[in-house]
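So you can see what is in the structure, the chains are spelled out below.
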Amino acid sequence: MSETALSSVQDAPIDAGTMRRTLNWTHAFWIASGTPVLVLFSIGAVASAAGNISAGIWILSMFIGFVQCFTYAEISGLFPKKSGGASVYGAVAWVPYGKMLGPISVWANWFSWSPVLAIGSGLAAGYVLNLLFPADSLIRTWQVTLFDLSFIKEGVVVRLNATFFLGLALMLTVFTIQHRGILKAARVQMIIAIAVLLPLLLVGIVPLLTGDIQTQNFTPFVPLTIDAAGKPVHGAWDMVGMTTLMACLLLAAWSTYPFETAVCYVSEFKNPGYDTVRALVYSGLLCILFFTLVPVAFQGYLGLDGLLDPGIYDGTGVGQVMVRMVGAGPVLGNVIIATLTLSICLVVMTAMAGSSRTLYQGSHDGWLPKYLSRVNTHGAPVAAMWTDLAVNTVLLSISDYVFLIVLANTTYMIFVFLNLQAGWLHRIDRPNQERPYRASTWLLAAGAVCGFLNLLIMGWGADFWGQRVLLTSLLIVAGIIPIFAYRHYVTDGGKFPRWMQIDLEENGQPIPRRAGFLPYLTLLAGGATIYVGHLLATYQVP
């Protein structure tokens, strides 16, 4: 592992309207420390759909995510002045081969990460309402339905209820903290992370120590399927079972991959070359710990019958189960529920910090609307944060958060594919550019293979969660086309900002497209992979 660092830039002058270099890798680590809490978002849905193989799915998904992070570490070090995460650094590799390819990567990454605000706030609100009010109380049962989205997935509606309004209040609280700047937010987040990750760690460890993990709950190691009577039963490793596996890998990836948000802060690191790879690798190791212990303990404690409880699927009952797992009484149980709620707020803070910087950098580089690059006196990208807040207010009103996770992650897989291919593309097109960290060639190749694997998972598993999830996700990705066209051709007259143009040059000249037709062949192969996955999907026993 190469660890040659760029010279420190902490003494560089700070201009108004730019991000400030106030962070080191530990700050980014604590900001990204909210990522393990994402296990709470979908552990129930994965378990309910996969059955006895659910813990194995989490471990496999985390392994794939960790392999990918080394490509992200290399390409982020190429651009120490950029913020906004891996999509921004990977997008630069694709722009010489098509102006639209860069914005697609950034847009897909933003849409996949930003909904954490809505999903997390809604889940935290559900925990609070479950804690304070009985299930049949008026505050938990009233609802005003605005739209029916059953044409995408049966039963999904846009509604207003207590979860919506309490979740909105939580999002506004996070916005207020982030508004003061990332350094202050990092300090707040470090304190919260220490307080709330400990209970989650106990959930993974205590059942192992007390002997409450039943080994028979992991056998037979086969996916669930639905019998002729519509009841879930043990399935087999046939095409139906493989479809279930792929669908659950798709859902789990939204939780296991996003520790790459640790590279969102390269332009705010005091020493980008030194800090970037450490922030990313240590965040990944933290996630490996949690995404292994917690799912294993969860499945081993509950067993198949417990995993199929409706409150497990939608996540609202996960907190109460975890209280039972550590043997807590009523008072301690309420404390644990409160800390789990706080932990979800932690990951919402992580999401707002990362996704707003993706919007900021996309705007700064000429891909997204110009207003998104405005920052406040604290150096926070306030216009991007307000945009995140507005979009997630709408998403918060959608009734099925599992559906929203799948929709977000299907777009995320497109970003992941483009970014992992950007690793070798940068190597070919920028062979002499300084790399603070240079991944082993085999790791870069493994990352590229993972990119195709992710597209196969996407095509194979997306429509398991709704009849038009794959199509809807592709339409969302296509939404960047008119947005970029207006910014680039109308606002900027067909030219990128000068600082973006510099990133596309070598010795004052446009970087030669040394990869030739290989990027286009890669895109065609990627599209074919999605299509093959879609053809392989089988949703019922013949």
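Our structure's up above, just so we're on the same page.
The shown structure was predicted, so the numbers you read here are calculated from the model rather than taken from an experiment.

Asker: Honestly, the environment of N271 in this entry has me stumped. Any pointers?
Answerer: Among the secondary structure elements, N271 is positioned in the loop between α10 (239-256) and α11 (272-307). Here N271 falls in the buried class, since its relative accessible area comes to 19%. When the C-alpha positions of N271 and N24 are compared, they lie 7.1 Å apart, and in sequence the two are 247 residues distant.

Asker: When you look at a nonpolar patch on the surface in this model, what are you seeing that I'm missing?
Answerer: Together, L132, F133, L138, I139, W142, V144, L146, F147 and F165 line one region of the surface with nonpolar side chains, adding up to about 870 Å² of accessible area. Of all the secondary-structure elements, those providing two or more residues to the nonpolar patch are α7 (138-141) and β1 (144-148). F147 sits in the exposed class, given a relative accessible area of 54%.

Asker: Explain the side chain of S112 here, please?
Answerer: Within the secondary structure layout, S112 lies in helix α5 (residues 101-113). A polar atom in the side chain of S112 sits 2.7 Å from the backbone oxygen of N109.

Asker: Just to check I follow, could you spell out helix α16 (residues 401-429) for this structure?
Answerer: Because an α-helix completes one turn every 3.6 residues, residues spaced three or four positions apart along the sequence face the same direction. The first and last C-alpha atoms of α16 sit 41 Å apart over 29 residues, in line with the 42 Å expected at 1.5 Å per residue. Of all bends in α16, the biggest is about 30°, found at G423. Of all 29 residues making up α16, 28 are buried, and the element is well covered by its neighbours. One side-chain oxygen at the N-terminal end of α16 lies 3.0 Å from the backbone nitrogen of V402; it belongs to D400.

Asker: Whenever I open this one, the pattern of salt bridges confuses me. Can you help?
Answerer: Pairs may arise between side chains of opposite charge once their charged atoms sit close together. This model, assessed by the stated rule, comprises four salt bridges. A salt bridge links E74 to R427; its shortest N-O distance comes to 2.8 Å. Remark: R427 occurs in helix α16 and E74 occurs in helix α3 (residues 54-77); sequence separation between them is 353 residues. The salt bridge involving E74 is made with R435; its shortest N-O contact spans 3.0 Å. Highlighted residues: E74 in helix α3 and R435 in the loop between α16 and α17 (441-461), separated in sequence by 361 residues. Each member of the pair, E74 together with R435, is buried. Salt bridges linked by common partners bring E74, R427 and R435 together as one network.

Asker: Where do I start with the packing of α17 against helix α21 (residues 518-536) in this structure?
Answerer: When two helices pack together, their arrangement is given by the angle between the helix axes and the distance between those axes. It is the contact of α17 with α21, at a shortest axis distance of 6 Å, that shows an interaxial angle of 35°. Both α17 and α21 take part in a crossing whose hand is right-handed. Between α17 and α21, the contacting residues are F452, L455, L456, M458, G459 and W460 on the first element and T522, A525, G526, T529, I530, G533, H534 and L536 on the second. Here the residues of the contact of α17 with α21 sort into eight nonpolar, six polar and no charged.

Quick notes on the rules
Residues numbered from 1 in each chain as written. Predicted model: local features only at pLDDT ≥ 70, side-chain atom pairs only at ≥ 80, totals over all residues. Heavy atoms only, no water. Helix = DSSP H or I, 4+ residues; strand = E, 2+ residues; numbered from the N terminus. Buried < 20%, exposed > 50% of the residue type's maximum accessible area, 1.4 Å probe, protein only. Patch = residues over 30% accessible without salt bridge, like charges linked within 9 Å, V, L, I, M, F, W, Y side chains within 5 Å. Areas by Shrake-Rupley, 256 points an atom, 1.4 Å probe, with all protein chains shown as cover. Salt bridge = Lys/Arg side-chain N within 4 Å of Asp/Glu carboxyl O. Polar contact = N/O pair within 3.5 Å; in protein donor to acceptor, adjacent residues only side chain to side chain. Expected span 1.5 Å × (residues − 1). Bend = angle between axes of the 7 residues up to and from the residue. Axes fitted to C-alpha atoms, helices over the stretch in contact; angles between N-to-C directions. Left-handed = near helix turned anticlockwise from the far one by under 90°. Contact = heavy atoms within 4.5 Å. Nonpolar A, V, L, I, M, F, W, Y, C, P; charged D, E, K, R; others polar.

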